[in-house]
Amino acid sequence: MHRLGDPAEVLQLDEVDPPGPGPGQVRVAVHAVGLNFPDLLMIAGRYQERPPLPFTPGLEVAGVVTACGEGARHVPGDRVMGAPVLPAGGLADEAVLPDDGCYEWPAGLPAADAAGLFITYQTAYVGLHRRAALRAGEVLLVHAGASGVGSAAIQLGKAAGATVITTSGGPVKTAACRDLGADVALDHTTDDWVAAVKQATGGRGADVIWDPVGGDVFDASRKCIAFEGRLVVVGFAGGRIPEVPASHVLVKNYSVVGLHWGSYRRFEPSLIAEAHAELLRLHAAGVVRPLIDRELPLEQAVEALHLLATRQVAGKVILRPRPGP
Ligand SMILES: NC(=O)c1ccc[n+]([C@@H]2O[C@H](COP(=O)([O-])OP(=O)(O)OC[C@H]3O[C@@H](n4cnc5c(N)ncnc54)[C@H](OP(=O)(O)O)[C@@H]3O)[C@@H](O)[C@H]2O)c1
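Worth saying up front: this structure is predicted, and the values here are computed from it rather than measured. (Residues numbered from 1 in each chain as written. Predicted model: local features only at pLDDT ≥ 70, side-chain atom pairs only at ≥ 80, totals over all residues.)

### What to know about the sheet that holds strand β6 (residues 139-142)
This is how it is decided: Only strands that DSSP links by at least two bridges are regarded as paired with each other. Helix and strand assignments come from DSSP, with helices taken as H or I runs of at least 4 residues and strands as E runs of at least 2, each series counted from the N terminus. Interaxial angle, 0 to 180 degrees, is taken between N-to-C directions of lines fitted to C-alpha atoms, where a helix line uses only the stretch in contact.
Pairing is parallel in the open sheet, where 6 strands are placed in the order β8-β7-β6-β9-β10-β11. A single partner strand is all that each edge strand has here, and the edge strands are β8 (184-187) and β11 (255-258). On average, adjacent strands in this sheet sit at an angle of 20° to one another, irrespective of strand direction.

### Structural notes on the packing of helix α4 (residues 119-131) against helix α5 (residues 148-159)
We apply this condition: Oblique is the label for every angle not falling under 35 degrees (roughly parallel), over 145 degrees (roughly antiparallel), or within 65 to 115 degrees (roughly perpendicular). In this scheme the handedness of a crossing depends on how the near helix is turned from the far one: anticlockwise by less than a right angle means left-handed, clockwise means right-handed. Think of it this way: build a C-beta for each residue from its backbone, and any pair within 7 Å is a contact. Each residue receives one of three labels: charged for Asp, Glu, Lys and Arg, nonpolar for Ala, Val, Leu, Ile, Met, Phe, Trp, Tyr, Cys and Pro, and polar for the others, Gly being one of them.
It is the contact of α4 with α5, at a shortest axis distance of 8 Å, that shows an interaxial angle of 50°. Between α4 and α5, the interaxial angle falls into the category oblique. Crossing hand, α4 versus α5: right-handed. Judged by residue contacts, Thr120, Tyr121, Thr123, Ala124, Tyr125 and Leu128 of α4 engage Gly148, Val149, Ala152, Ala153, Leu156 and Gly157 from α5. Partitioning the contact of α4 with α5 into residue classes produces 8 nonpolar, 4 polar and no charged.

### Observations concerning the domain arrangement of the protein
Put simply, the rule is: An automatic or database domain assignment is the source of the domain bounds shown.
Annotation of the protein at the domain level lists domain 1 (7-116 + 294-320) and domain 2 (120-258). Each side of the interface is counted separately: domain 1 has 7 residues, and domain 2 has 10 residues. Taken together, the residues of the side of domain 1 that touches domain 2 break down into 2 nonpolar, 3 polar and 2 charged.

### Looking at helix α11 (residues 269-284)
Using the following cut-off: By this rule the span expected of a helix is its residue count minus one, scaled by 1.5 Å. Once C-beta atoms are placed from the backbone, each residue is buried if 20 or more other C-beta atoms lie within 10 Å of its own, exposed if 12 or fewer, and partly exposed for counts between those two. Along the arc lie the directions from the helix axis toward the C-beta atoms.
The end-to-end C-alpha separation of α11 is 23 Å, in line with the 22 Å expected for 16 residues at 1.5 Å each. Regarding α11, the residues found buried are Ile272, Ala275, Leu279 and Leu280. Axial view of α11: buried residues confined to an arc of 135°, hence all on one face. Seen from the open side of α11, the exposed residues pointing more than 90 degrees away from its buried face are Ser270, Ala277, Arg281 and Ala284. Along its buried surface, α11 packs onto α4 and α10 (263-267).

### Considering unusual backbone geometry
A cis amide bond links Gly20 with the next residue in sequence, Pro21, at an omega value of -5°. Secondary-structure assignment places Pro21 in the loop between α1 (7-10) and β1 (25-34). Residue Leu86 is joined to Pro87 through a cis peptide bond whose omega torsion reads 20°. Note that Pro87 resides in the loop between β3 (79-82) and β4 (94-98). Within the chain, Arg311 stands out as a residue other than glycine whose phi angle is a positive 60°. Turning to its location among the elements, Arg311 is positioned in the loop between α12 (301-309) and β13 (316-320).

Structure (structure tokens):
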């Protein structure tokens with residue numbers, strides 16, 4: 001990226017020197033990189049983080065350590081997953097990771113699953129357990145159930161013993177939500193989902209609402225949240241940042257809970273390590289499995305980002321700079 005804008009206009013494939021690693025960093029050969037909605041925002045210059053230009057986007061990778069900076073505890077050959085340090089992001093042959101932000105990529109875990117198990121599952125795990133304190137037996141409403149963070153929230157909600165209701169757009173995505181374990185999968189293009197959530201909960205509403213969309217979806221969610229419910233603000237894929245009247249929060253006894261997973265890297269990295277261990281355990285037990293829409297070679301990054309931007313994806317798109325399991 002030499003300038004910000006539409007991926008089709010501003011992404012170019014360059015030959016550059018291998019990046020870093022600086023002190024406390026490692027360089028990894030990237031085997032798989034997961035795309036996320038925040039990639040679109042960052043490429044357009046609309047994300048909260050704005051790396052200086054030029055930079056390589058790409059926020060989560062699985063790869064093998066090839067070089068270590070001063071003080072790094074990893075060694076070449078280690079299989080790791082994590083979030084690259086920009087400007088040396090993951091849409092590349094090699095990326096740079098913080099040594100203390102590398103998590104084990106176990107042998108036997110396919111590269112695409114590993115890349116798909118990082119940001120989206122970490123976000124859903126920390127959001128549902130730490131921020132929303134989801135309990136077994138509660139009702140969880142997951143918006144954009146076929147998105148990256150939505151698909152993870154469905155699986156982790158079911159793993160936590162919740163009843164899961166989802167919204168998503170169109171029959172393909174609704175079917176994907178059902179396959180992931182949703183008890184009720186609503187299509188927001190045809191269903192009155194507020195009424196359906198009330199009906200499915202005997203008028204009580206959902207205890208926890210997972211909202212990666214914002215805007216009108218957030219506003220309508222306030223109509224079907226239960227007494228002492230938790231409305232988790234995950235993102236604004238719909239484009240509008242909503243506002244909430246404090247009087248409504250008071251009268252209906254619910255909480256609006258903010259979630260920025262990236263902040264735990266700074267404030268409580270031990271929670272990320274804990275979540276990673278639990279996610280690997282759940283994956284090994286067959287309880288969670290990233291929903292991967294497709295894997296594409298790195299050279300198709302522009303096409304892949306276009307699919308994401310135009311909502312044509314159910315689950316994750318994973319790019320592969322090098323082939324392999
Ligand atoms: N808080 C955190 O720490 C954190 C971490 C990661 C991601 N996020 C946020 O979570 C949200 C989802 O991220 P993701 O990577 O999971 O997204 P994604 O896989 O690209 O899915 C986004 C989904 O949002 C729905 N959507 C509604 N309005 C949309 C619009 N105008 N344009 C595009 N999609 C729209 C679509 O579902 P339907 O077609 O079914 O409506 C779409 O599939 C983003 O806002 C992202 O920034 C937050």
